[in-house]
Amino acid sequence: MIHQFKQNGVNVVLDVYSGAVHTVDDVVYDVVSEIDRVGWEVAKKDSFACLSSLDNTYSRQDIQEAMDDVTELVEEGMLFSSDPYVDMAPAIGNKETVVKALCLHVAHDCNLKCRYCFAEEGEYHGKRALMSAEVGRQALEFLVANSGKRRNLEVDFFGGEPLMNWDVVRELVAYGRELEQSHHKKFRFTLTTNGILLNDEIMDYLNANMDNVVLSIDGRQEVHDRMRPTPNGKGSYDLILDKFKRMAELRGQTRYYVRGTFTRENLDFAKDVLHLADEGFQQISIEPVVAGDKETYALREEDLPKLEEQYELLAREMLAREARGDGFTFFHFMMDLSQGPCIVKRLSGCGSGCEYLAVHPSGDLYPCHQFVGQEEFRMGSVLEGVTRRDLLDRFKGVNVYSKPGCQDCWAKFYCSGGCAANAWQFAHDLHGNYELSCHLERKRLECALMMQCYRA
Amino acid sequence: MKRVKTVNGSTLKQSLKRGGCGECQTSCQSACKTSCTVGNQTCESIKLTGGTVRK
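Below is a short write-up of the structure. Remember, predicted model here, so these are calculated numbers, not experimental data.

What counts, and where the lines are drawn
- Residues numbered from 1 in each chain as written.
- Chains lettered and ligands numbered in written order.
- Predicted model: local features only at pLDDT ≥ 70, side-chain atom pairs only at ≥ 80, totals over all residues.
- Heavy atoms only, no water.
- Helix = DSSP H or I, 4+ residues; strand = E, 2+ residues; numbered from the N terminus.
- Buried < 20%, exposed > 50% of the residue type's maximum accessible area, 1.4 Å probe, protein only.
- Areas by Shrake-Rupley, 256 points an atom, 1.4 Å probe, with all protein chains shown as cover.
- Rg over C-alpha atoms; globule rule 2.2 N^0.38 Å.
- Contact = heavy atoms within 4.5 Å.
- Lys, Arg positive; Asp, Glu negative; His and termini not counted.
- Charge placed at Lys NZ, Arg CZ, Asp CG, Glu CD.
- Buried area = accessible area lost by both parts, 1.4 Å probe.
- Salt bridge = Lys/Arg side-chain N within 4 Å of Asp/Glu carboxyl O.
- Axes fitted to C-alpha atoms, helices over the stretch in contact; angles between N-to-C directions.
- Parallel < 35°, antiparallel > 145°, perpendicular 65-115°, else oblique.
- Left-handed = near helix turned anticlockwise from the far one by under 90°.
- Nonpolar A, V, L, I, M, F, W, Y, C, P; charged D, E, K, R; others polar.
- Pairing = 2+ DSSP bridges.
- Right-handed = clockwise from strand over helix to strand, strands pointing away.
- Core = buried A, V, L, I, M, F, W, Y, C linked by side-chain atoms within 4.5 Å.
- Polar contact = N/O pair within 3.5 Å; in protein donor to acceptor, adjacent residues only side chain to side chain.

## What to know about the overall build of chain B
And step 1. The secondary structure content of chain B amounts to 2 helices and 1 strand.
And step 2. Going from the N terminus to the C terminus, chain B shows its helices and strands as β-α-α.
And step 3. Considering chain B as a whole, with its 55 residues, one finds that 60% of them fall into the buried category.
And step 4. Approximately 2300 Å² of chain B is accessible, and the part contributed by carbon and sulfur atoms is 50%.

Okay, structure coming up:
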């Protein structure tokens, strides 16, 4: 399978199954397109007949040179390569998995009233609740006990707003350090916060103890304040910006993200990303809102052209800033072509429901943070373990090859089939797709590939 | 080659030989909580060994 596109003056050809990426001139670009239409086996037998439609555009010599290059790439397994992975998919579903990451919902409570919050202002379809230290400790013990030989374990303190249960966070970090020693494990802690309760003491502690800190901010003040008000209806931007700047500097501009959400109310979201960069942040993630059709701020199919244009604009501006020595990282344009995840990881996806679980304040287990509170997805508890083996098997069985909608998609080894929670919400099928998200993912990946090729 | 610049070789196929240690980060634990991108992660075993995959 081939994917080819032109962006920012770069002609990109991706050979999907080998992972090879090439920049090519216009002749090769058109030759590859023609061969892809008729198939390599046909084209190699009589290339000039197959490529006759290009005779009016290019000389015979140009076409022959292009064909020589294409042939060399095919022979090296970097173009028109076949699918060597399809037989691996059933084995992934049957493989015994270990738990390697937990999302700890330490506070189902929040001090903001964000309009788009999938956690329903922290309550997750239930009542306000804080996780006790005892439940938290049991969660860490559950993780260690179910992690097998895996050494690196991840724990995300999440909410609601986790700083509303700060003493428990500190106690659990300390307990995690004890478990590291006794069980030869390494905990990587992350905390996601809206920043309201951040102070110097907490920031120093987070800097010393968290592998990653996620700071929630949406971009421009008017955009942020509209979606992320305080309970009394005022904006929260002024309450957090300086604290987030200080946190970023404390961490030497690494191992953190400012993370925001864009909605239909700011379709020009590239301005929000650039605003955050202008404020000095160098690690930025802005994601599309996930919302039902009834919400006025939900993204619609008709918004796609505008959103795709914004991603392209952002990619070009990022390259321009890089050239000026003023670059920054945008999470969804990150791509490590040569040292990225292995194919096994790419086939099996995010690991929700098997390798990654979310813990309700009560200790109940769910497939991920987005499923928390949905009773049909309660998988067990940190005390009794996973009792719904059927659910675990269902999630384990989700992979790139189990999703009909992914089979002909060139991006399948980069998104790994997408988000299971999104698939459930929009297709009511774990093997379904959230098409709008797929469109945006493909555009982000094209931008990321273009940027890699542009730099090369 | 005169008309092609290969930016990345067949690294996906190469990863068949080393893959599946399971030490990599969980996708949603970094900065994405509502959409899944796996391709932007780094292989933990390459990070530890200093790189074993040929371009």
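## Description of the overall build of chain A
And step 1. When you go through chain A residue by residue, the secondary structure sums to 17 helices and 15 strands.
And step 2. In summary, chain A has a C-alpha radius of gyration of 24 Å against a globular reference of 23 Å for 456 residues, a match within 12%.
And step 3. Considering only C-alpha atoms, chain A reaches an extent of 75 × 50 × 45 Å along its principal axes.
And step 4. Counting across all 456 residues of chain A, residues that qualify as buried make up 60%.
And step 5. Summarising the internal contacts of chain A: among those between residues at least 6 apart in sequence, 70% fall at separations of at least 24.
And step 6. Here chain A contributes 51 positively and 72 negatively charged side chains, and the mean placements of these two sets differ by 4 Å.

## Points about the interface of chain A and chain B
And step 1. The interface of chain A with chain B comprises 81 residues on the first partner and 45 residues on the second.
And step 2. The contact between chain A and chain B buries some 5300 Å² in all, and 53% of this surface belongs to carbon and sulfur atoms.
And step 3. Of all residues in chain A, Phe331, Ser338 and Gln339 of chain A give up the largest surface area on contact with chain B, accounting jointly for 10% of the area buried on that side.
And step 4. The tally of links between chain A and chain B comes to 4 salt bridges.
And step 5. Among the ionic pairs, Arg3 of chain B bridges to Asp25 of chain A, the shortest N-O distance being 2.7 Å.

## A closer look at the packing of helix H1 (residues 26–38) of chain A against helix H4 (residues 60–75) of chain A
Residue and element names in this part refer to chain A.
And step 1. Running from amino to carboxyl end, H1 crosses H4 at an angle of 70 degrees, the nearest separation of the two axes being 9 Å. Classified by the interaxial angle, the pair formed by H1 and H4 is roughly perpendicular. Considering how the two elements wind past one another, H1 and H4 form a crossing that is right-handed. Contact residues: H1 offers Val27, Val28, Val31, Val32 and Ile35, while H4 offers Asp62, Ile63, Ala66, Met67 and Val70.
And step 2. Broken down by class, the residue content of the contact of H1 with H4 amounts to 9 nonpolar, no polar and 1 charged.

## Remarks on the pairing of strand E10 (residues 283–288) of chain A
Residues and elements named next belong to chain A.
And step 1. Within E10, 6 of the 6 residues are buried, which leaves the element mostly enclosed by the surrounding structure.
And step 2. Note: strand E9 (residues 256–262) against E10, 5 bridges, orientation parallel. The residue bridging Phe262 from the neighbouring strand is Pro288, located in E10.
And step 3. In terms of handedness, the path from E9 via helix H11 (residues 270–278) over to E10 forms a crossover that is right-handed.

## Concerning H11 of chain A
All names here are of chain A.
And step 1. Burial of H11 is extensive: 7 of the 9 residues sit out of reach of the surface.
And step 2. Of the positions making up H11, those classed as buried are Ala270, Asp272, Val273, Leu274, His275, Leu276 and Ala277.
And step 3. Lining the buried residues of H11 we find helix H9 (221–227), helix H10 (237–250), E9, E10, helix H12 (304–323) and strand E11 (329–330).
And step 4. One or two steps after H11, the chain reaches Gly280, where phi turns positive at roughly 105 degrees.

## So, the nonpolar core
Residues and elements named next belong to chain A.
And step 1. Among the nonpolar cores identified, the biggest contains 135 residues, and Leu104, Phe157 and Phe413 are the most heavily contacted of them.
And step 2. Sequence-distant contacts of Leu104, that is, excluding residues within four places in its chain, are made with Met131, Ala139, Leu140, Val155, Asp156, Phe157, Phe158, Leu172 and Val359.
And step 3. Residues Val31, Val32, Ala43 and Tyr58 belong to the second largest nonpolar core, which totals 26 residues.

## Observations regarding the environment of Arg455 of chain A
Residues and elements named next belong to chain A.
And step 1. With respect to the helices and strands, Arg455 occurs in helix H17 (residues 435–455).
And step 2. Overall, the relative accessible area of 43% leaves Arg455 in the partly exposed class.
And step 3. Taking C-alpha positions, Arg455 is 39 Å from Gly292, a pair spaced 163 residues apart along the chain.
And step 4. If near-sequence neighbours (up to four positions away) are discounted, Arg455 is found in contact with Leu319 and Glu322.
And step 5. In terms of polar contacts, Arg455 uses its side chain to reach the side chain of Glu322, at 2.7 Å.

## As for the environment of Glu312 of chain A
And step 1. In this structure, Glu312 of chain A sits in helix H12.
And step 2. Overall, Glu312 of chain A belongs to the partly exposed group, its relative accessible area being 24%.

## So, the pairing of strand E1 (residues 2–7) of chain A
Regular strands have side chains that alternate between both faces of the sheet.
And step 1. Counting buried residues in E1 of chain A gives 5 out of 6 residues, a clear majority hidden from the surface.
And step 2. Linking E1 of chain A back to strand E2 (residues 10–15) of chain A in an antiparallel pair, the connection comprises 2 residues, with Asn8 of chain A at a positive phi of about 55 degrees.

Purely geometric numbers; function is a separate question.
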